[in-house]
Each structure stands twice: as structure tokens, then as C-alpha cells.
Amino acid sequence: MMMQRFLSAAVRRPQMAQAATTMRHMSDSKTFELGEDSYKTYNLDMEPSPTVSATKEECMEYLRKMMVIRRMETAAGDMYRGKKIRGFCHLYSGQEAVATGMNAGLIKEDAIVGAYRIHGWAYLMGCQVKQVMGELFGTSVGCSAGKGGSMHMYAENFYGGNGIVGAQVPLGAGLAFSNKYLDNGTVAVTLYGDGAANQGQVFESYNIAKLWDLPCLFVCENNKFGMGTSASRSSANPEYYKRCEYIPGLWVNGMDVLAVKEATRFAREYALTNGPMVIEMETYRYHGHSMSDPDTTYRTRDDIADVRKKMDPILILRSRIVEAGWAEESELKAMEKKIRKEVDAEVQEALKAPEPNLNMLTEHILLEKPSDIRGCDITISY
């Protein structure tokens, strides 16, 4: 009898453990109601779901990634002011939910090409913090071996940034053509800002993408200002998702990482079946257009502070996590402190790394290195 009771209990224990695990996973998953202002559509018969389900693990990971990007960009700004970074430097602070949410809504095989505000994207696509910072410093640990700088970072399926305004948009259409030709079930995402939205090659790309029904997502990261010019002053139609009468459009609250993720998932599925879509991610940048922009002539400090207080993407997700009972505010502060320490350590590692060897100057020009390479004038050769 005792042996039977023992065996019966032994059978029940795994069942009880499995039930407890199931209950725990159920409690770790929540369905969030998004605000009514999360989406707007143009020539679409459907729209993304107004509710999004996410687990504690997913939300904590999104928060961690956004915190890393924010701290990395803060460090980049400090290093630029300290003259450790030279040249162009465009910071992504405030826009973290766009890159993080889109990254979560895509698959790793999807192709992405961006403009020049790409530090956060490079990190999310696989570059380590030290590789991003090394590229900014021009040291050998940089993701482009220290040869590219702020606008030219690359990773697997990430075709980097472009310093020519709008030039990346046709490349994105080309990537989408490749994906359709190969029939590999992936999409291409081409990112551009509101300042590039009036470029002619953008509309040429719309046209060919629709003619061939390419699986391309044209994503305008509308951070409200093209350099120092507001969208209302530069664009006759500042509703960028309505820019193409023959391609459906979708406006997304780009400050809410969960709304961005759901919109990206929806758009990706649409594009694979129906062809291109124009997406406007409305967001906000906390810094000037670049580090050389004093950021004082076209908006006030109060404007920026108001957005930070009411719409900050990190604070929005932190509030959801606390309200879901997944973590205390003190735990999230400790997490942020730990991330700050880790990022700062990688920044120092990148700063201390050696510069690229001079023989790297003539590498990566062609697949096979030519025997004779001309310098900046005819009297110099390598």
C-alpha cells in the first residue's frame, strides 16, 4: 500500500509541476490594449490588431534593447563633445521604439537598408556596442573595421546607412526584387526620414515596386524635422503614409514599441502576398539633426522635455511592465544601472582599440584586390 501511494505521488508530481509551469507562463503573458491613436490607414481594407499579446520575457528584452541604444547614444554624444569622435554623428535617442519594434516584427532573413541615423539599427541587427562605438571612433574593432564611421555600418542582412539623402530607397526596392526573384519568403525594408520623403528617387521606387508587386516596406521615420525644417514647412502633404495613391499606407505611433511590432508583423504579411506598403512611423528625436546642430533655433527645450515626459518609448514600456506586475520600478532602475555599466565598459574597450592598419586603406575596393590603385591624385599610387 505504501509503495502504491509512493508511485501515485511520483506520477502526480510531474503533472503538478507541468500545471504550475503552464500557470506561470499564462501569468507571464498579457494582452495589452493599444491606444486609439496607434494606427491610421490609407487605401487599406484592414488594419493591425488594436490588442497585442506579449510575454514578460519579450517585454523585458525590448526594454533592455531600448535602454542599451539610449545609453550607447548618450555615450556617443559625450565622446563627440570630448572630441573622441569626429565627422558626422547622428543620434537615435527618442526613436528607439521604431527600430526595436520593427526588429521584433521581422525575421532575421528580411533585408534592411537605412539612411544615416543607424547606430541603433546596427546594434539590433547583430553588431556589439563596442563595434558600433569602434566605428565611430575609427578603431579596428568597428563593424566596418573603423573605415566607415557613423553612416556606414553593416551586419548580416543589414545593408547599412547612406550619406546621400534618399539614395537608399531604390536599394531597398532592389533588395525586394531580389527576394521576390529568389522566392525566399522574405521582405525588404527601406528606411528614410521625413527630410528625404520629397526626393524624386523615392517616388521612382514606389512606381517600380508597385509595377512588380515587390515585397517592400517603405518606412518613413518621421521625427518631425528634416535637419532644422519642420515637416509642415517642407512638405505640401506631411501625411507621409498617404504619399502614393496606388500603394496602401499605414501610420503608426512610433513611440510605442508594441504598436510598432504589431504593425510590422501586419505589414510584412501583407507585403508577401500583395506587394509594397508605405509606412509612416511618427516618432521624435531628442537631439539635433547631427552633433553639429545646436538644436536651438527651430524648437525649444520645453518642447523636448514635454515629449520626454509624456511620450518617451522607454517610459511607456516600463509603465506597462510595472502595471502587469512583472517587475518593480526598483528592479528596472537596477537593470538600467547595470546596462549603463556594461555599455560604458564596451565604450572604453572600443576607445582603447588600435586604429586600422594602413594597409587596410586599399582593402574592400573590389572583390579581388587590383594590382595598381591610384590615390587621391595621379601622382599617388598603392
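Residues numbered from 1 in each chain as written. Predicted model: local features only at pLDDT ≥ 70, side-chain atom pairs only at ≥ 80, totals over all residues. Heavy atoms only, no water.

Below, the discussion takes up the overall build of the protein chain. Along its length, the protein chain carries twelve helices and ten strands. Against the 2.2 N^0.38 benchmark of 21 Å for 382 residues, the protein chain shows a C-alpha radius of gyration of 23 Å, consistent with a compact globule. The C-alpha extent of the protein chain, read off along each of the three principal axes, is 100 × 50 × 50 Å. Put simply, the protein chain has 382 residues, and 48% of those count as buried. Long-range pairs, those at least 24 residues apart, make up 73% of the contacts in the protein chain between residues at least 6 apart in sequence. Within the structure as shown, the protein chain displays about 19300 Å² of accessible surface, and the carbon and sulfur contribution to it stands at 54%. Each charge class in the protein chain was averaged separately, 44 positive and 48 negative side chains, and the resulting centres sit 6 Å apart. (Helix = DSSP H or I, 4+ residues; strand = E, 2+ residues; numbered from the N terminus. Rg over C-alpha atoms; globule rule 2.2 N^0.38 Å. Buried < 20%, exposed > 50% of the residue type's maximum accessible area, 1.4 Å probe, protein only. Contact = heavy atoms within 4.5 Å. Areas by Shrake-Rupley, 256 points an atom, 1.4 Å probe, with all protein chains shown as cover. Lys, Arg positive; Asp, Glu negative; His and termini not counted. Charge placed at Lys NZ, Arg CZ, Asp CG, Glu CD.)

Summarising the element assignment, Ser144 is placed in the loop between helix H5 (129-137) and helix H6 (168-182). Among residues more than four places away in sequence, those in contact with Ser144 are Glu135, His152, Met153 and Tyr154.

With the rule as written, the count across this model stands at 18 salt bridges. The shortest N-O distance in the salt bridge between Arg71 and Asp344 comes to 3.0 Å. Here the residue Arg71 occupies a position in helix H2 (residues 56-81), and Asp344 occupies one in helix H12 (residues 329-352), the gap between them amounting to 273 residues. We note a salt bridge from Arg320 to Asp256, for which the minimum N-O separation is 2.7 Å. Placement of the pair is Arg320 in helix H11 (residues 313-323) and Asp256 in the loop between strand E9 (249-253) and helix H9 (257-274), with a sequence separation of 64 residues. What you see here is one network of salt bridges that share partners, running through Arg70, Glu96 and Asp312. (Salt bridge = Lys/Arg side-chain N within 4 Å of Asp/Glu carboxyl O.)

Right, let's talk about the packing of H2 against H11 for a bit. Contact geometry for H2 and H11: axes closest at 10 Å, N-to-C directions at 155°. It follows that H2 is roughly antiparallel to H11 by the angle criterion. Judged by the twist between their axes, the crossing of H2 over H11 is left-handed. Residue-level inspection shows Cys59, Met60, Tyr62, Leu63, Met66, Met67 and Arg70 of H2 in contact with H11, the latter providing Pro313, Ile314, Leu317, Arg318 and Ile321. Taken together, the residues of the contact of H2 with H11 break down into ten nonpolar, no polar and two charged. (Axes fitted to C-alpha atoms, helices over the stretch in contact; angles between N-to-C directions. Parallel < 35°, antiparallel > 145°, perpendicular 65-115°, else oblique. Left-handed = near helix turned anticlockwise from the far one by under 90°. Nonpolar A, V, L, I, M, F, W, Y, C, P; charged D, E, K, R; others polar.)

Now for the environment of Ala197. In this fold, Ala197 is placed in the loop between strand E5 (188-193) and helix H7 (200-211). Judged by relative accessible area, Ala197 falls into the buried class, the value being 3%. Ala197 has contacts with Tyr192, Val202, Phe203, Tyr240 and Arg243, leaving out every residue within four places of it along the chain.

All right, on to a nonpolar patch on the surface then. Taken together, Phe177, Tyr181, Leu182, Leu211 and Trp212 make up a surface patch of nonpolar side chains, about 620 Å² in accessible area. Sorting elements by how many residues they give to the nonpolar patch places H6 first, with three residues. Along the chain, the position of Trp212 falls in the loop between H7 and strand E6 (216-222). For Trp212, a relative accessible area of 45% puts it in the partly exposed group. (Patch = residues over 30% accessible without salt bridge, like charges linked within 9 Å, V, L, I, M, F, W, Y side chains within 5 Å.)

What follows concerns the packing of H2 against H5. Viewed as axis vectors pointing N to C, H2 and H5 meet at an angle of 20°, and their least axial separation amounts to 11 Å. Put simply, H2 runs roughly parallel to H5. Judged by the sense of rotation from one axis to the other, the crossing of H2 with H5 is right-handed. Listed contacts from H5 to Val68, Met72, Ala75, Ala76 and Met79 of H2 are Val129, Val132, Met133, Leu136 and Phe137. Its residues assigned to classes, the contact of H2 with H5 comprises ten nonpolar, no polar and no charged.

A word on the nonpolar core. The biggest cluster of nonpolar side chains holds 74 residues, and the ones touching the most others in it are Met102, Trp121, Met133, Leu258 and Met277. The dominant element in this core, judged by the number of residues it contributes, is H2, at twelve residues. Setting aside residues up to four positions removed in sequence, Leu258 forms contacts with Phe32, Leu34, Val52, Ala54, Cys59, Tyr62 and Arg320. Judged by nonpolar contacts, the second largest core, of 21 residues, contains Val169, Cys220, Ala231 and Ile247. (Core = buried A, V, L, I, M, F, W, Y, C linked by side-chain atoms within 4.5 Å.)

On to the side chain of Asp256. The class for Asp256 is buried, based on a relative accessible area of 5%. Excluding residues that lie within four positions of it along the chain, Asp256 makes contacts with Leu34, Ala97 and Arg320.

So, about H12. Along its 24 residues, H12 runs 35 Å from first to last C-alpha, staying within 8% of the 34 Å computed at 1.5 Å per residue. Among the residues of H12, those classed as buried are Leu332, Met335, Ile339, Val343, Val347 and Ala350. Against H2, H5 and H11 lie the buried residues of H12. (Expected span 1.5 Å × (residues − 1).)

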